[in-house]
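Chain and residue survey
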Amino acid sequence: MPNAALLAYFLPPILIGAGMLMIMDASINVAMEPFRALVADKLPESQRSLGFSMQTFLIGVGAVSGSWLPYILSEYFGVSKTAASGFVPDNVIYAFYAGALVLLASILWTVVSTKEYSPAEMAAFSKDEEEVEESKGISSIFTDFSKMPLTMRQLGLVQFFSWFALFSMWVFSTPAIANHIYKVAPGDTNSVAFADAGNWVGILFGIYNAVSAIYALFLPAIVRLTSKKMAHAFSLIAGGAGLLSIYFIQDPNMLIISMVGVGLAWGSILAMPYALLSGSIPARKMGVYMGIFNFFITMPQIVNGFFGGLIVKHFYNGEAIYAIVMAGIFMILGAVSVLYIQDNKKSHTH
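Looking now at the overall build of the protein. Helix and strand counts for the protein come out as 13 helices and zero strands. For the protein, the α and β elements follow one another from N to C terminus as α-α-α-α-α-α-α-α-α-α-α-α-α. Whereas a compact globule of 350 residues would reach a radius of gyration of roughly 20 Å, the protein reaches 21 Å, a difference of no more than 12%. Judged by the C-alpha coordinates and their principal axes, the protein covers about 65 × 40 × 40 Å. Residues classed as buried in the protein amount to 44% of the 350 residues present. Long-range contacts, defined here as pairs at least 24 residues apart, represent 79% of the contacts in the protein between residues at least 6 apart. Summed over all atoms, the accessible surface of the protein reaches about 17700 Å², with 71% contributed by carbon and sulfur.

Dropping the structure here:
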């Protein structure tokens, strides 16, 4: 990805960018979802909120390191943070290299070191579930999709609002903050001021990931005091408020407060939907439905990828800050949608 400029001599840049992003996003999602199913498979239902919260904590720790790495490389190791037009700065390139190595090493470690229960063992743990004759092959996925539990269908709307908002934040935060707060002219991506804005956004993203990691440790207690739905709704409202507040801020340091709200939402988004989902699907279908559930993560990002830039260009006159405002509104709509979820236990189909 950071060396994509070399391929621009052979292919249109838009094709390279979209293609690489698609490959990277698909591969990361394919790698992640089996691990979510593994958490549910390895833990009884009473411990799943804690299990997903611990997974969120570890994701947050890794995300903080990745978000801050470009800043650390440029400020403490003298790696260049600017580059010629059409090229990626060295500090970002080296951060990508480090991320690739960590991704490969961590996944290989999990694959090699973690025991997985066999289907027979899983069946023994779930003797209360009725045995059904199931079709095999690709067609069974479409059958399962059509018979997904009601809770899963309702979570799909929540996920759409949440991940549409997150994608907007990830894509438009740098230009929005550069233009709205650093007063960088629209279209200027090569100035030192734009690079400073980008580095600060990296720090802010690290902050919200750090907040999510800490918040994840408290989520199980919050769930016990309230409920999964209320905990998730509260977290999404905090995230929406954090995103909306960016519009009213002019001091870059004040954005840290905004990121606290975003961190609460991110911590819950990585844990609560899966805790809600795992309690509504049969154990024998855990992996299948966790994989299908990923559709509700990728689809809003695909929709945003196609239309987000057009919306900013034609409806917001190129002012990316309004994409952040829209993200805040969508996050709050996600919180409202959570309250309508029917959290049924082992609701097989509907």
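Running from N to C, helix 8 (residues 228-245) and helix 13 (residues 321-338) cross one another at 165 degrees; their axes reach a closest spacing of 8 Å. Regarding the angle of helix 8 to helix 13, the classification is roughly antiparallel. Where helix 8 crosses over helix 13, the two elements pack in a sense that is left-handed. On helix 13, the residues that touch Lys229, His232, Ala233, Leu236, Ile237, Gly239, Gly240, Leu243 and Leu244 of helix 8 are Ile324, Val325, Ala327, Gly328, Ile329, Met331, Ile332, Gly334, Ala335 and Val338. In terms of residue class, the contact of helix 8 with helix 13 is built from 13 nonpolar, five polar and one charged.

Moving on to the pattern of salt bridges. With the rule as written, the count across this model stands at two salt bridges. Put simply, Glu75 and Lys81 hold a salt bridge, and the shortest N to O gap is 3.7 Å. Taking relative accessible area as the criterion, Glu75 reaches 40% and is therefore assigned partly exposed. For Lys81, a relative accessible area of 25% translates into the label partly exposed. Its salt-bridge partner being Asp196, residue Lys81 comes within 2.8 Å of it at the nearest N-O pair. Of the two residues, Lys81 is situated in the loop between helix 2 (45-76) and helix 3 (90-113) and Asp196 in helix 7 (residues 192-225); the sequence distance between them amounts to 115 residues.

Turning to the packing of aromatic side chains, a few remarks are in order. This structure, assessed with the given rule, holds 17 aromatic pairs. On the numbers, 5.9 Å between centres and 75 degrees between planes, the contact of Phe293 with Phe296 is edge-to-face. Across the pair, exposure class does not vary: Phe293 and Phe296 are buried alike. Counting every residue linked through ring pairs, the aromatic cluster contains Phe52, Tyr274, Phe293, Phe295 and Phe296. The cationic tip of Lys42 hangs over the ring face of Tyr117; the distance from NZ or CZ to the ring centre is 4.7 Å.

Quick look at helix 8 now. Over its 18 residues, helix 8 runs 26 Å from end to end, which matches the ideal 26 Å to within 8%, given 1.5 Å per residue. For helix 8, every residue scored as buried is listed here: Lys228, Ala231, His232, Ala233, Ser235, Leu236, Ala238, Gly239, Gly240, Gly242 and Leu243.

Next up on the list: the confidence of the model for the protein. With 93% of its residues at a pLDDT of 70 or more, the protein shows a mean pLDDT of 86. Predicted confidence for residues 346-350 stays below pLDDT 50, and this span has 24 contacts to residues more than four positions away or in other chains.

Let us now look at unusual backbone geometry. Backbone geometry at Lys183 places phi at a positive 60 degrees, although glycine is not the residue there. Considering the arrangement of structural elements, one finds Lys183 in the loop between helix 6 (150-180) and helix 7. The phi torsion at Asn317 lies on the positive side, around 55 degrees, for a residue other than glycine. Here Asn317 shows up in the loop between helix 12 (295-314) and helix 13.

Analysis parameters
- Numbering of residues starts from 1 in every chain and runs along the sequence as written.
- Residues qualify for local features only when their pLDDT is at least 70, as the model is predicted, and side-chain atom pairs are given and counted only at 80 or more; totals for whole chains, interfaces and linings, by contrast, use all residues.
- Note that the side-chain values use all heavy atoms of the structure and ignore hydrogens as well as water.
- Here a helix means four or more residues in a row that DSSP labels H or I, a strand means two or more in a row labelled E, and each is numbered from the N terminus.
- With C-alpha atoms as the basis for the radius of gyration, the globule rule is written as 2.2 Å multiplied by the number of residues raised to the power 0.38.
- Only protein chains enter the calculation, and the probe is 1.4 Å; a residue is then buried if its accessible area is under 20% of its type maximum, exposed if over 50%, and partly exposed in between.
- We call two residues contacting when some pair of their heavy atoms lies within 4.5 Å.
- The protein chains shown are the only cover counted for residues, whose accessible areas, like all others here, come from Shrake-Rupley with a 1.4 Å probe.
- All axes are obtained by fitting lines to C-alpha atoms, using only the stretch in contact for helices, and the reported angles, taken between N-to-C directions, cover 0 to 180 degrees.
- Should an angle lie under 35 degrees it is considered roughly parallel, over 145 roughly antiparallel, and from 65 to 115 roughly perpendicular; all remaining angles are considered oblique.
- In this scheme the handedness of a crossing depends on how the near helix is turned from the far one: anticlockwise by less than a right angle means left-handed, clockwise means right-handed.
- Asp, Glu, Lys and Arg are counted as charged, while Ala, Val, Leu, Ile, Met, Phe, Trp, Tyr, Cys and Pro are counted as nonpolar; the rest, among them Gly, fall into the polar class.
- By convention in these notes, a salt bridge is any Lys or Arg side-chain nitrogen within 4 Å of a carboxyl oxygen on Asp or Glu.
- What counts as a ring pair is set by centres within 6.5 Å for rings of Phe, Tyr and Trp (its six-membered ring), and what kind of pair is set by the plane angle: stacked under 30 degrees, edge-to-face over 60, tilted for all other angles.
- Look at NZ for Lys and CZ for Arg. If either is within 6 Å of the ring centre and within 35 degrees of the ring normal, a charge sits over the ring.
- Expected helix span is computed as 1.5 Å times (number of residues minus one).
- Think of pLDDT as the predictor's per-residue confidence, scored from 0 to 100.

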